[in-house]
Amino acid sequence: MIVGTAGHIDHGKTALVKALTGVDADRLKEEKARGITIDLGYAYSDLGDGRQLGFVDVPGHERFVHNMLAGATGIDAALLIVSATEGIKPQTIEHLQIVDLLGLDRGIVALTKADLADDDQLLERMAEIETLLAPTSLRGAEIMPVSALTGQGIEELKARLLALGESRKGTTGFARLAIDRCFVLAGAGVVVTGTVHAGEIRVDDRLLLTPSGLEARVRSLHAQNRAAGIGRAGERCALNLVGPRLSKEAIRRGDWVVAPELHAPTDRLDVRLSLLPSEANTLRHWSPVHVHLGAAHAMGRVALLEGDRLAPGDTALAQLVLDEKVGALAGDHVILRDPSATRTVAGALVVDPFGPPRNRRAERRLVELAVLAEPDDVALRRLLALETGFVETTRFALARNLRPADVERLLAAAGGVALGGFAFLAETLAAARRDIVDSLKAHHGARPDAPGLQPERLRLALTKRWPPAVFKTLLDQEIKARTVMVDGAFLRLPGHSLVLGARDEALWHKISAELERDRYKPPRVRDFATAHGVAEPEMRKLLQRLAKVGRVVEVAPDHYFLRPAVAEMIGIAHAFDREFTAAEFRDKLDNGRKVAIQILEFFDRNGITIRRGDLRRTVLQRIARFGSPGASTGG
Ligand SMILES: Nc1nc2c(ncn2[C@@H]2O[C@H](COP(=O)(O)OP(=O)(O)O)[C@@H](O)[C@H]2O)c(=O)[nH]1
Ligand SMILES: [Mg+2]
């Protein structure tokens with residue numbers, strides 16, 4: 001377990017840690033010279049029986065609260081230090097507020113410098129402190145008079161700290177460590193230290209830095225100050241990292257070292273935000289704030305999601321919009337300080353680390369956030385039942401640091417079915433399948449002569465409007481099950497086919513053979529009409545209908561090509577891989593100058609080619625419009 005000190009400057013935090021561990025945590029030259037703690041210090045006390053207490057010693061000076069925060073977010077228990085001679089001071093209160101906002105409910109108060117106070121003074125201080133703790137997460141915490149000078153109460157304090165129990169950080173998820181220090185060790189290279197917030201880190205693990213995405217391999221590690229093969233959640237670790245672009249300069253305090261699965265930098269955190277009761281003013285929408293999360297610190301703004309103001313002591317949903325990306329997961333605690341960084345104003349709990357940029361205040365989003373604030377099992381069960389109808393499982397798992405097996409287990413318990421990257425309730429899925437079939441059936445009934453619906457049309461025709469990615473997953477399932485058939489660009493039910501009538505069907509049979517034979521120079525409408533003894537308008541109408549269902553393409557007036565032939569010709573043009581002339585194109589197709597130019601003009605109109613004088617080249621984004629051009633290079 002890691003214990004963090006808290007309390008006003010000069011109240012004896014560093015001296016107490018030294019009395020408990022034998023280690024002087026003030027390690028900077030400047031700290032020694034000035035006799036004050038500026039940055040975080042670390043000390044461990046081995047109790048001889050394998051048990052160990054780890055301490056993070058924080059600065060008490062108001063100017064270094066940001067450093068205090070970088071250390072405080074990783075701790076499991078608080079050791080609040082109050083000088084028996086001075087009593088409660090401003091940073092006693094601010095540090096306690098931070099402890100409270102971090103939800104730390106394990107802690108002990110050390111009433112230091114007990115050697116300088118008499119019993120009456122001690123009793124008076126204890127009463128004051130009890131009152132101060134009462135509305136906080138540390139209410140009822142033990143208050144112990146101690147002296148770093150005489151050693152009074154030190155052994156007892158150690159015993160009580162041990163009795164607070166183990167770290168509650170979860171070891172089951174993927175690994176994440178919040179970096180609070182980075183330095184170069186001669187002979188070893190880059191070393192980072194920090195608290196493992198989740199999972200386990202082993203020697204040789206391949207990890208990523210968040211937000212930078214730099215790769216890092218763990219060459220060696222220390223856990224709680226001892227060389228180890230593995231570092232677990234709740235332990236402080238030092239990692240010797242190696243990686244192609246890794247350097248001290250590329251790493252900052254506040255970066256995370258994470259398992260690749262957890263690398264997902266974000267700058268929009270949807271949170272439950274509580275404004276401190278001690279604030280004088282309401283918090284307004286879009287207020288600028290300092291945001292502290294893990295060991296990181298960023299500037300940002302508070303977008304209030306419920307109303308435009310938040311009164312002191314109140315709690316509401318908000319979106320923190322940050323100036324830079326950070327690593328964050330659901331359940332992470334955030335501390336907000338005012339724009340000039342002189343006081344702590346609010347605390348927040350991350351509900352969704354990937355807040356949406358749009359519709360963040362929509363009613364259904366607020367309902368969703370309320371559900372997301374629940375524990376994993378309840379949240380998943382209720383999310384599945386929401387009107388949205390689906391859960392993006394990968395996102396759900398990432399936000400909560402769940403492994404695939406955890407998600408599977410939670411899904412089974414919630415009665416959910418996984419499909420693609422989504423999960424649905426079985427009944428939602430059944431209803432969606434019915435919806436797809438019924439919508440196609442209705443369309444076929446209304447338009448028996450039409451080939452079916454294009455996918456986007458079908459999506460919009462459904463009773464329930466799915467986002468495109470979800471719809472695609474649902475549709476793919478139907479196509480695989482052959483309950484829906486794909487016909488060129490259209491979807492239809494298996495029983496439906498374009499009814500051409502016996503005469504037209506026979507005609508199509510003949511002309512398709514002729515279109516196939518002269519695929520790059522097919523006969524025109526008039527040629528077909530004459531050849532088959534059909535009136536020209538009738539032949540034209542038939543080809544127009546065939547064009548509508550995508551079997552043929554009208555490249556020039558009354559001049560139809562088979563759809564695959566068009567795709568092939570696009571492929572031929574694209575295969576030049578440079579600008580080409582109409583003559584070069586004609587030579588490949590061997591179809592005469594006039595037809596070749598008509599085809600190229602058709603390409604120009606459809607954005608497949610761009611013309612510059614006598615030269616043309618294909619436009620990559622558009623070449624797939626008539627099917628895969630790679631199928632044949634013909635010629
Ligand atoms: N008499 C007495 N002095 C103490 C005790 N603890 C700390 N001090 C002194 O108080 C001053 C501030 O202590 P320090 O640990 O640096 O305070 P910090 O700013 O809270 O870390 C130093 O001069 C210490 O020697 C104590 O238990 N008894
Ligand atoms: Mg100190």
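On a predicted model such as this, the values are computed, not experimentally measured, just so you know.

(A) Spotlight on the sheet that holds strand β4 (residues 77-83). Read from one edge of the open sheet, six strands run β2-β3-β1-β4-β5-β6, paired in mixed fashion. The two strands at the open ends of the sheet, each matched to only one other strand, are β2 (41-46) and β6 (142-145). For this sheet, the mean inter-axis angle between neighbouring strands, taken without regard to orientation, is 25°. Here β4 pairs with strand β5 (residues 107-112) via six bridges, running parallel. Across the sheet, residue Ala78 finds its bridge partner in β5, namely Gly107. On top of the sheet, helix α5 (residues 119-133) reaches β4, β5 and β6; it is set at about 150° to β5, its chief contact.

(B) The arrangement of the pattern of salt bridges in detail. Counting across every chain of the model gives 40 salt bridges. Among the salt bridges present, the one from Asp204 reaches Arg217, with a minimum N-O distance of 2.7 Å. Linking Asp204 in the loop between β9 (200-202) and β10 (206-210) with Arg217 in strand β11 (residues 215-223), this pair joins segments that are 13 residues apart in sequence. On the accessibility criterion, Arg217 (25% relative accessible area) is partly exposed. The shortest N-O distance in the salt bridge between Arg252 and Glu324 comes to 2.9 Å. Remark: Glu324 occurs in strand β21 (residues 315-326) and Arg252 occurs in the loop between β14 (236-242) and β15 (256-258); sequence separation between them is 72 residues. With relative accessibility at 29%, the residue Glu324 sits in the partly exposed group. Linked through salt bridges whose partners overlap, the residues forming this network are Asp270, Asp352, Arg365, Glu368 and Arg395.

(C) Seen up close, the sheet that holds strand β31 (residues 580-581). In spatial order, the strands read β31-β33-β32; together these three strands make up an open sheet with antiparallel pairing. Pairing within the sheet leaves two strands with one partner each, and these edge strands are β31 and β32 (609-612). Of the strand pairs in this sheet, β31 and strand β33 (residues 615-618) are connected by two bridges, and their pairing is antiparallel. The residue bridging Thr581 from the neighbouring strand is Leu615, located in β33. Relative to β32, helix α19 (residues 593-605) is tilted by about 110°, and along the sheet it contacts β31, β32 and β33.

(D) Representation of the packing of aromatic side chains in the model. A complete count under the given rule lists seven aromatic pairs for this structure. Geometry around Trp256 places Arg176 over its ring, the cationic atom sitting 3.8 Å from the centre. A cation over a ring is seen here: Arg403 above Phe174, with NZ or CZ 4.3 Å from the ring centre.

(E) The arrangement of the pairing of strand β26 (residues 422-425) in detail. Neither face of β26 is exposed, since Phe422 and Phe424 on one face and Ala423 and Leu425 on the opposite face are all buried. Sheet topology note: the strand β24 (residues 391-392)/β26 ladder contains two bridges and is antiparallel. In the sheet register, Val391 faces β26, and the bridge partner there is Ala423. Looking at chain direction, strand β25 (residues 416-419) and β26 are connected through four bridges and run antiparallel. Residue pairing for β26: Val417 is matched across the bridge by Phe424. Where β25 folds back onto β26 in an antiparallel hairpin, the turn is made up of two residues, including Gly420, whose phi is positive at roughly 60°.

(F) Focus on the site of ligand 1. In the neighbourhood of ligand 1, 15 residues make up the surrounding shell, with Asp10, Lys13, Ala15, Asp115 and Ala148 lying closest. In the environment of ligand 1, an oxygen atom lies 3.3 Å from a nitrogen or oxygen atom belonging to the backbone of His11. Within the side chain of Asp115, a nitrogen or oxygen atom sits 2.8 Å from a nitrogen atom of ligand 1. Bound to the protein, ligand 1 loses 75% of the 570 Å² it would expose on its own. By residue class, the composition of the shell around ligand 1 is five nonpolar, six polar and four charged.

Rules behind the numbers
Residues numbered from 1 in each chain as written. Chains lettered and ligands numbered in written order. Predicted model: local features only at pLDDT ≥ 70, side-chain atom pairs only at ≥ 80, totals over all residues. Heavy atoms only, no water. Pairing = 2+ DSSP bridges. Helix = DSSP H or I, 4+ residues; strand = E, 2+ residues; numbered from the N terminus. Axes fitted to C-alpha atoms, helices over the stretch in contact; angles between N-to-C directions. Contact = heavy atoms within 4.5 Å. Salt bridge = Lys/Arg side-chain N within 4 Å of Asp/Glu carboxyl O. Buried < 20%, exposed > 50% of the residue type's maximum accessible area, 1.4 Å probe, protein only. Phe/Tyr/Trp six-rings, centres within 6.5 Å; stacked < 30°, edge-to-face > 60°. Lys NZ or Arg CZ within 6 Å of the ring centre and 35° of its normal. Near = heavy atom within 4 Å. Polar contact = N/O pair within 3.5 Å; in protein donor to acceptor, adjacent residues only side chain to side chain. Areas by Shrake-Rupley, 256 points an atom, 1.4 Å probe, with all protein chains shown as cover. Nonpolar A, V, L, I, M, F, W, Y, C, P; charged D, E, K, R; others polar.

Everything listed here is a matter of coordinates, which is why it stays silent on function.
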